[in-house]
Amino acid sequence: MFDTMKVAHKIKEARISQNMTQMNLADAMEVSYQAVSNWERGSSCPDISKLEQLCQILNLSMNELLSSESDFRTLNRIIQKDESAEDVDEPVTMEEIQEFAPILPPADVERLVDDNLKSQEKEKVNLSAITGLAPFLGSEYLDDLAKRAHVDSLSELAGLAPFLSRDALDSLVKNSDPEADMSGIVCLAPFLSQETLDWLAHKIPPAGSLTRLTGLAPFINKDTLDYLVKNADLDTDLYGIIGLAPFLSQETLDWLAHKIPPAGGLTRLTGLAPFINKDTLDYLVKNADLDTDLYGIIGLAPFLSQETLDWLACEIPSVSGLNGLVGLAPFLSESTLDHLVKNAVPGTDMSGIMGLAPFLSQKTLQEMAEALMKSQNLGALQTFSPFL
């Protein structure tokens, strides 16, 4: 295997043995001092066209420089200089091309790849090998290989995508089957044009639902997503809409907040709540039916303003008793809950008070315990004891 570090070490050793500085070698090779420095650090290799000159200057044979008989034979096959070699007609493998690509001109790499493909049945393109060679191949050449690849899924092109032209990727995607290869299309999304992404956004949903756009959403124009959501069926495609919520405009999110609840109450807004304006949520909650939509309100509690939560704390007990506040208790202030419990009618709503016990102050719990002891309500006192 071609080892750049071994070659680097050999160049440095030979230069020192010739009593040359890096600058001396650079002048003799007609390259920059930095180029020689990079060779000796293994950061890069001399171009193949300069290897013979380098060997002459350093008084090395090519075999000595490469430190490997097999590398020497492979290099001879690549540059087609040793016409007497028995394996001169044997195609260079993709692995060998990958090893020597850093020292070959792009045109030579492309020629070797073509020769390799012609030696195979049906010229089947090995995408994993081509991906390794991509930095050394021209864009047009790579585009042509990608179109000839006959992949089962576009995901197989993901490694090549950064090196392919946008036009080639757009063409591949538009000629694919979005129904069958959605995961492959998502893999290529960061490299597609905005026009193709918008085309996909309009083409994909009718076959299923907006959930199929979730993977593409970070790359699709916000105006396009807003349009699709506003024209979706809010009853049947709610999960798809929730998946797109982080990428929608605030105007569309507020429109959804007002549009969705009538079909099923505020519970249907829970998934969208983290993205909806707090003022909008406060408005919806204050205009909701506190009796029939209590579970929906509790689901929105983490996203409501403190003012609205305090308002709920005062309004709900008159509709549902203190029991109605149990789900909201983690979001209410301790002082608000203490006040409500202390003003509850003695002897009534004990189940609600017990439900709020974990969130009451120790002072209020102590007062409640003393009152229960006086009334000899030992059962209720036992329920309170874990919080004292």
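These numbers come from a predicted model, not from an experiment. (Residues numbered from 1 in each chain as written. Predicted model: local features only at pLDDT ≥ 70, side-chain atom pairs only at ≥ 80, totals over all residues. Heavy atoms only, no water.)

Caption draft 1: Layout of the overall build of the protein. Per the secondary structure count, the protein includes 23 helices and 0 strands. Going through the 388 residues of the protein one by one, you find that 45% of them count as buried. Across the protein, the fraction of contacts at a sequence separation of at least 24, relative to all contacts at a separation of at least 6, is 54%. Of the roughly 19,600 Å² of accessible surface on the protein, 51% is carried by carbon and sulfur atoms. (Helix = DSSP H or I, 4+ residues; strand = E, 2+ residues; numbered from the N terminus. Buried < 20%, exposed > 50% of the residue type's maximum accessible area, 1.4 Å probe, protein only. Contact = heavy atoms within 4.5 Å. Areas by Shrake-Rupley, 256 points an atom, 1.4 Å probe, with all protein chains shown as cover.)

Caption draft 2: Structural view of helix α3 (residues 33-41). Those residues of α3 that fall on the buried side of the exposure criterion are Ala-35, Val-36, Ser-37, Trp-39 and Glu-40. Where α3 is buried, its residues contact α1 (4-17), α2 (22-29) and α4 (48-58). Positive phi appears at Gly-42, one or two residues downstream of α3, with a value of about 80 degrees.

Caption draft 3: Structural view of the environment of Leu-213. Following the sequence through the fold, Leu-213 ends up in the loop between α13 (194-203) and α14 (222-230). On the accessibility criterion, Leu-213 (0% relative accessible area) is buried. Considered as a pair, Leu-213 and Gly-243 are 30 residues apart in the sequence and their alpha carbons are 8.5 Å apart.

Caption draft 4: Region of the structure containing the nonpolar core. Judged by nonpolar contacts, the single largest core of 114 residues is most densely connected at Val-113, Leu-216, Leu-269 and Leu-272. At 5 residues, α4 tops the list of elements feeding residues into this core. (Core = buried A, V, L, I, M, F, W, Y, C linked by side-chain atoms within 4.5 Å.)

Caption draft 5: View of the pattern of salt bridges. Per the counting criterion, the structure on display carries 8 salt bridges. The shortest N-O distance in the salt bridge between Lys-286 and Glu-307 comes to 2.9 Å. Pair noted here: Lys-286 is in helix α17 (residues 278-286) and Glu-307 is in helix α19 (residues 306-320), with a separation of 21 residues, a long-range link. Given a relative accessible area of 32%, Lys-286 falls into the partly exposed group. Taking the relative accessible area as the measure of exposure, Glu-307 reaches 47% and is therefore partly exposed. One salt bridge connects Glu-367 with Lys-342, and the closest N-O pair in it is separated by 3.7 Å. Of the two residues, Glu-367 is situated in helix α22 (residues 362-374) and Lys-342 in helix α20 (residues 334-342); the sequence distance between them amounts to 25 residues. Looking at Lys-342, the relative accessible area reads 44%, which means it is partly exposed. (Salt bridge = Lys/Arg side-chain N within 4 Å of Asp/Glu carboxyl O.)

Caption draft 6: Layout of the environment of Leu-244. Secondary-structure assignment places Leu-244 in helix α15 (residues 238-244). Along the chain, Leu-244 and Ala-217 lie 27 residues apart, while their C-alpha atoms are 6.5 Å from each other. Excluding residues within four positions of it along the chain, Leu-244 makes contact with Leu-210, Leu-213, Thr-214, Ala-217, Leu-225 and Val-229.

Caption draft 7: Representation of helix α11 (residues 166-174). Residues Ala-168, Leu-169, Asp-170, Leu-172 and Val-173 constitute the buried set of α11. Buried positions along α11 lie against α10 (139-148), α12 (182-188) and α13.

Caption draft 8: Fine view of the packing of α17 against α19. Relative to each other, α17 and α19 sit at 15 degrees, their axes nearing to 10 Å. Our classification of the angle between α17 and α19 gives roughly parallel. Once α17 is placed against α19, the crossing between them reads as left-handed. Between α17 and α19, the contacting residues are Asp-282, Val-285 and Lys-286 on the first element and Glu-307, Thr-308, Trp-311 and Leu-312 on the second. The class makeup of the residues in the contact of α17 with α19 is 3 nonpolar, 1 polar and 3 charged. (Axes fitted to C-alpha atoms, helices over the stretch in contact; angles between N-to-C directions. Parallel < 35°, antiparallel > 145°, perpendicular 65-115°, else oblique. Left-handed = near helix turned anticlockwise from the far one by under 90°. Nonpolar A, V, L, I, M, F, W, Y, C, P; charged D, E, K, R; others polar.)

Caption draft 9: Structural detail: the packing of aromatic side chains. The final tally for this structure, using the stated rule, is 0 aromatic pairs. Residue placement shows Lys-174 over the ring face of Trp-199; its charged tip is 5.8 Å from the ring centre. One residue, Lys-230, lies across the ring of Trp-255, its end atom 5.9 Å from the ring centre. (Phe/Tyr/Trp six-rings, centres within 6.5 Å; stacked < 30°, edge-to-face > 60°. Lys NZ or Arg CZ within 6 Å of the ring centre and 35° of its normal.)

Caption draft 10: Spotlight on the environment of Val-36. With respect to the element layout, Val-36 can be found in helix α3. For Val-36, a relative accessible area of 0% gives the class buried. A C-alpha to C-alpha distance of 6.1 Å links Val-36 and Ala-26, two positions 10 residues apart in sequence. When residues no more than four places from it in sequence are discounted, the contact partners of Val-36 are Gln-22, Leu-25, Ala-26 and Val-31.

Caption draft 11: Geometry of the confidence of the model for the protein. For the protein, mean pLDDT is 84; residues scoring 70 or higher make up 88% of the total. Note on residues 81-85: pLDDT is under 50 here. Beyond four places in sequence and across chains, it has 5 contacts. (pLDDT = per-residue confidence, 0-100.)

Caption draft 12: Expanded view of unusual backbone geometry. Even without a glycine there, the phi angle at Asn-19 is positive, about 60 degrees. Within the fold, Asn-19 resides in the loop between α1 and α2. Under the relative-accessibility criterion, Asn-19 is labelled exposed at 69%. In this structure, Asn-59 takes a positive phi of about 60 degrees despite not being glycine.

Caption draft 13: Geometry of the packing of α1 against α3. At their nearest, the axes of α1 and α3 sit 6 Å apart, and the two run at 120 degrees to each other. Judged by the angle between their axes, α1 and α3 are oblique. Taken together, the residues of α3 that come into contact with α1 (itself represented by Met-5, Ala-8, Ile-11, Lys-12 and Arg-15) are Trp-39, Glu-40 and Arg-41. Partitioned by chemical class, the residues of the contact of α1 with α3 number 4 nonpolar, no polar and 4 charged.

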